[in-house]
Amino acid sequence: LTSLDVRYNGIQGESALQLSAVVLSKSNMATFNEIPIKEMRADSLKELNLERKGIGIEGGMVVAGLVPVMTSLTWLDISSNKLDANALQEMGKALLSNTSSKLVALKCDAFEVPLGATSVNLSGKSIGSATATLLAGVLKFSASLTSLDLSHNIPQCDAFEVPLGATSVNLSGKSIGSATATLLAGVLKFSTSLTCCNVLRNNLDVPAAKTLVEAVKDKDVSLAGIQPDQKEANFCNEGLKPPDAILLSSDLYKSGVSTSLTSCNVLRNNLDIATATFLVDTVKDKTISLAGIQPDQKMADLNSQSLRPPDAILLASDLSKSGVSASLTSLKLDENYIPGSGSSFGEALKQNSSLKELSM
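What you see is a predicted model; the values in this text were computed from it and never measured.

A. Expanded view of the overall build of the protein chain. Per the secondary structure count, the protein chain includes 13 helices and 16 strands. Along the first, second and third principal axes, the C-alpha set of the protein chain runs to 80 × 45 × 35 Å. Every one of the 360 residues in the protein chain was classed for burial, and the buried ones make up 49%. Across the protein chain, the centroid of the 31 positively charged side chains sits 3 Å from that of the 36 negatively charged ones.

Below, the structure written as structure tokens:
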């Protein structure tokens, strides 16, 4: 069997998912629901027009499955096919995870990003989370867009608002999920006015946090609310999680964002060893405290503070830097939960000549 057409049968849900998986597993399948599978697998198409083909939900899933191998495709039209949210979501995920795609133009029922467009107005297009994922996948590879209007998208975009011309937006604790974050990443990528967009304490996962960081990698835009003239930032016991640490590290890395910062206390949060180490590596060449220790501070009493191994890593960073802990002579860490942290402190103390008392 090299060709199969099951259009207009109302296939959906688990049945559509299973059928698309079987079709994708057949290496000799040339066409399915008028989708040119053979050409798509051969990566011989630069443009693909599936408008009004009635490819169905099962066809949409097949297209999503073939997106990763199509590195030459620049324009895709999937409009007027009644695709469901799952198909759109899977296409978006495939694009977001692809590092070699050239797809920069796409038309679907919710939006259109024309080939070579420099400005796109998607205001009031009722873009939902699944469509936002697909949009983010297209925006990821666009080199021509300089302006993007996503205002008045209801209800899914009620999670955040970035007013036109805004320089600072506080989106902390807005329950922004990973799908919505991909849409926000598109806004950040094309904003010419924003210098601060605080997105800490949301419902992000690590990949979503990295997507946001990637969106502002070439911009001095704060993702943790830190201002260029700010000297101290206290995030102690704020319930920060690993995705928040990734956002914060972006701020700490950029001199244009944290140029004045000398202290960024992130003790007593919900970090893990990996993200605590990541923060330490970010500031390894900077005189920034991660445990709130001040340069003129002589004693730090942190007894019974419910400190854990990630906190020990942050403290060790402070102890290893003379510009942070040069005056510190006494550090008390009794009655905490930092077993096995002696090696971290041991390495730090090799570079510290001021500390005379350490109890733990």
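B. Representation of unusual backbone geometry within the structure. Not every positive phi belongs to a glycine, and Y8 is a case in point at roughly 60 degrees. Residue position: Y8 is located in the loop between β1 (3-4) and α1 (13-25). Of note in this structure, K82 is not a glycine but carries a positive phi near 55 degrees. Mapped onto the elements of the fold, K82 is located in the loop between β5 (75-77) and α4 (85-96). Judged by its relative accessible area of 75%, K82 is exposed.

C. Main features of the nonpolar core. Among the nonpolar cores identified, the biggest contains 109 residues, and L212 and L252 are the most heavily contacted of them. The leading source of residues in this core is helix α6 (residues 178-190), at seven residues.

D. Region of the structure containing helix α7 (residues 206-215). Within the sequence span of α7, burial applies to A208, A209, L212 and A215. Projected down its long axis, α7 carries its buried residues within an arc of 120 degrees, all on one side. Pointing more than 90 degrees away from the buried face of α7 are the exposed residues P207 and K210. Measuring from the backbone nitrogen of A208 back to the side-chain oxygen at the start of α7 gives 2.9 Å, which picks out D205 as the cap.

E. Just the environment of S27, in detail. Structurally, S27 is set in the loop between α1 and β2 (31-32). Classification of S27 as exposed rests on a relative accessible area of 69%. Sequence spacing of S27 and R41 is 14 residues, and the spatial spacing of their C-alpha atoms is 9.1 Å.

F. Inspection of the pattern of salt bridges at higher detail. Applying the stated criterion across every chain, the model contains eight salt bridges. Here K107 makes a salt bridge to E51, at a shortest N to O gap of 4.0 Å. Of this pair, K107 sits in strand β6 (residues 105-107) while E51 sits in the loop between β4 (47-49) and α3 (56-66); the two residues are 56 residues apart in sequence, bridging distant segments of the chain. With relative accessibility at 25%, the residue K107 sits in the partly exposed group. Of the residues examined, E51 reaches a relative accessible area of 28% and is grouped as partly exposed. With a shortest N-O distance of 3.2 Å, E238 and R201 are connected by a salt bridge. Highlighted residues: E238 in the loop between β12 (232-234) and α8 (242-253) and R201 in the loop between β11 (196-198) and α7, separated in sequence by 37 residues.

G. Looking closely at the sheet that holds β6. The four strands lie next to each other as β4-β5-β6-β7, forming an open sheet whose pairing is mixed. Both outer strands of the open sheet, β4 and β7 (112-113), are each paired with one neighbouring strand and no more. Where β4 lies against β5, three bridges are found, and the strand directions are parallel. Each bridged residue has a counterpart across the sheet, and for L48 the counterpart in β5 is L76.

H. Expanded view of the packing of α4 against helix α5 (residues 129-139). In contact at an axis separation of 7 Å, α4 and α5 are set at 30 degrees when each is read in the N-to-C sense. Classed by the angle they form, the pair α4 and α5 counts as roughly parallel. For the pair α4 and α5, the crossing hand works out as left-handed. Residue-level contacts link A85, L88, Q89, M91, G92, K93, L95 and L96 of α4 to S129, A130, T131, T133, L134, A136, G137 and V138 of α5. By residue class, the composition of the contact of α4 with α5 is nine nonpolar, six polar and one charged.

So, how was this worked out
Residues numbered from 1 in each chain as written. Predicted model: local features only at pLDDT ≥ 70, side-chain atom pairs only at ≥ 80, totals over all residues. Heavy atoms only, no water. Helix = DSSP H or I, 4+ residues; strand = E, 2+ residues; numbered from the N terminus. Buried < 20%, exposed > 50% of the residue type's maximum accessible area, 1.4 Å probe, protein only. Lys, Arg positive; Asp, Glu negative; His and termini not counted. Charge placed at Lys NZ, Arg CZ, Asp CG, Glu CD. Core = buried A, V, L, I, M, F, W, Y, C linked by side-chain atoms within 4.5 Å. Arc of directions from axis to C-beta. Polar contact = N/O pair within 3.5 Å; in protein donor to acceptor, adjacent residues only side chain to side chain. Salt bridge = Lys/Arg side-chain N within 4 Å of Asp/Glu carboxyl O. Pairing = 2+ DSSP bridges. Axes fitted to C-alpha atoms, helices over the stretch in contact; angles between N-to-C directions. Parallel < 35°, antiparallel > 145°, perpendicular 65-115°, else oblique. Left-handed = near helix turned anticlockwise from the far one by under 90°. Contact = heavy atoms within 4.5 Å. Nonpolar A, V, L, I, M, F, W, Y, C, P; charged D, E, K, R; others polar.

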